[in-house]
Amino acid sequence: MTTLFLLIVFFISLEFFESNWQKADSFYGVIKNNYKVYEKNIFLFFILNPTFFFSIYLAMKFNNFGFLMSSIVVLKFIDISFRLLLMKKIHDDEDITALVPMDIEYNLSIRYFNVILYPVIFCLSLY
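Residues numbered from 1 in each chain as written. Predicted model: local features only at pLDDT ≥ 70, side-chain atom pairs only at ≥ 80, totals over all residues. Heavy atoms only, no water.

## Quick look at the side chain of Asn49
Here is step 1: Inspection of the secondary structure assignment puts Asn49 in the loop between helix H3 (42–47) and helix H4 (50–61).
Here is step 2: Asn49 gets classed as buried once you look at its relative accessible area, which sits at 1%.
Here is step 3: A polar contact of 2.7 Å, which involves the side chain of Asn49, links it to the backbone oxygen of Phe45.
Here is step 4: Here the side chain of Asn49 touches Arg83 through a polar contact of 3.0 Å, side chain to side chain.
Here is step 5: Beyond its immediate stretch of four places on either side in the chain, Asn49 contacts Glu18, Trp21, Gln22, Ile80 and Arg83. (Helix = DSSP H or I, 4+ residues; strand = E, 2+ residues; numbered from the N terminus. Buried < 20%, exposed > 50% of the residue type's maximum accessible area, 1.4 Å probe, protein only. Polar contact = N/O pair within 3.5 Å; in protein donor to acceptor, adjacent residues only side chain to side chain. Contact = heavy atoms within 4.5 Å.)

## Notes on the packing of aromatic side chains
Here is step 1: Across all of its chains, the model carries ten aromatic pairs by this definition.
Here is step 2: Taken together, a centroid distance of 6.1 Å and an interplanar angle of 35° make the contact between Tyr35 and Tyr38 tilted. Taken as a pair, Tyr35 and Tyr38 lie in helix H2 (residues 27–40) at a separation of three residues, close to a single helical turn.
Here is step 3: By the ring-pair criterion, three or more aromatic residues cluster together here, those being Phe10, Phe11, Phe54, Tyr57, Phe62 and Phe122.
Here is step 4: A cation over an aromatic ring shows up here: Lys61 above the ring of Phe62, its NZ or CZ 5.8 Å from the ring centre. (Phe/Tyr/Trp six-rings, centres within 6.5 Å; stacked < 30°, edge-to-face > 60°. Lys NZ or Arg CZ within 6 Å of the ring centre and 35° of its normal.)

## A few points about the nonpolar core
Here is step 1: Counting 13 residues, the largest nonpolar core has Phe11, Phe54, Leu58, Met69, Ile72 and Phe122 as the members making the most contacts within it.
Here is step 2: Broken down by element, this core gets its largest block of residues, five residues, from helix H1 (residues 2–21).
Here is step 3: Sequence-distant contacts of Ile72, defined by excluding residues within four places in its chain, comprise Phe11, Ser55, Tyr118, Ile121 and Phe122.
Here is step 4: Trp21, Tyr35, Tyr38 and Val73 belong to the second largest nonpolar core, which has eleven residues in total. (Core = buried A, V, L, I, M, F, W, Y, C linked by side-chain atoms within 4.5 Å.)

## Topic: the packing of H4 against helix H5 (residues 67–91)
Here is step 1: Two numbers describe how H4 lies on H5: the axes approach to 9 Å, and their chain directions differ by 160°. Considered as vectors, H4 and H5 are oriented roughly antiparallel to each other. For the element pair H4 and H5, the recorded crossing hand is left-handed. Residue-level inspection shows Thr51, Phe52, Ser55, Ile56, Leu58 and Ala59 of H4 in contact with H5, the latter providing Met69, Ile72, Val73, Lys76, Phe77 and Ile80.
Here is step 2: Residue composition of the contact of H4 with H5, grouped by class: nine nonpolar, two polar and one charged. (Axes fitted to C-alpha atoms, helices over the stretch in contact; angles between N-to-C directions. Parallel < 35°, antiparallel > 145°, perpendicular 65-115°, else oblique. Left-handed = near helix turned anticlockwise from the far one by under 90°. Nonpolar A, V, L, I, M, F, W, Y, C, P; charged D, E, K, R; others polar.)

## Observations regarding helix H7 (residues 113–125)
Here is step 1: Look at H7: 18 Å from first C-alpha to last across 13 residues, which is about the 18 Å you get at 1.5 Å a residue.
Here is step 2: Considered for burial, the residues of H7 that qualify are Asn114, Val115, Tyr118, Pro119, Ile121, Phe122 and Ser125. Along H7, the residues classed as buried sweep out an arc of 160° about the axis, all on the same side. More than 90 degrees from the buried face of H7, the exposed residues found are Ile116 and Leu124.
Here is step 3: Looking at the buried side of H7, the elements it contacts are H1, H4, H5 and helix H6 (108–111). (Expected span 1.5 Å × (residues − 1). Arc of directions from axis to C-beta.)

## Focus: the pattern of salt bridges
Here is step 1: One pass over the full model with this rule turns up five salt bridges.
Here is step 2: Notably, a salt bridge pairs Arg111 with Asp25, separated by 4.0 Å at the nearest N-O pair. Pair noted here: Arg111 is in helix H6 and Asp25 is in the loop between H1 and H2, with a separation of 86 residues, a long-range link.
Here is step 3: With a relative accessible area of 13%, Arg111 lands in the buried category.
Here is step 4: Arg83 is paired through a salt bridge with Asp79; the nearest N and O atoms lie 3.0 Å apart. Remark: Asp79 and Arg83 occur in helix H5; sequence separation between them is four residues, near one turn of the helix.
Here is step 5: Judged by relative accessible area, which is 4%, Arg83 ranks as buried. (Salt bridge = Lys/Arg side-chain N within 4 Å of Asp/Glu carboxyl O.)

Structure, rendered in structure tokens:
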């Protein structure tokens, strides 16, 4: 039980880390912050998205490949893939407004929604 608690706390900490390094006032700002890292090194970009790898680790550790746990992994994969697609378009000097026509303003609840969502879904996937 202690191990599970520590893993959940670590998961929440990693989610806070991801939310904070990408922090911006809008979606385009988040993409801009991601692009700065992507421009330096793509491996650094993947290292700064540790919850994808951690969620795969959790699925293997608990041998949990049910719908909820798989949903976490798939959502994180789609998120990283979409950001990579947008950054590739920026790198090629293409307009990203075809894929994301509106610049969505971020407030605290949107910025930190993942900190609550993913750990809660993980806890639900265990039962």
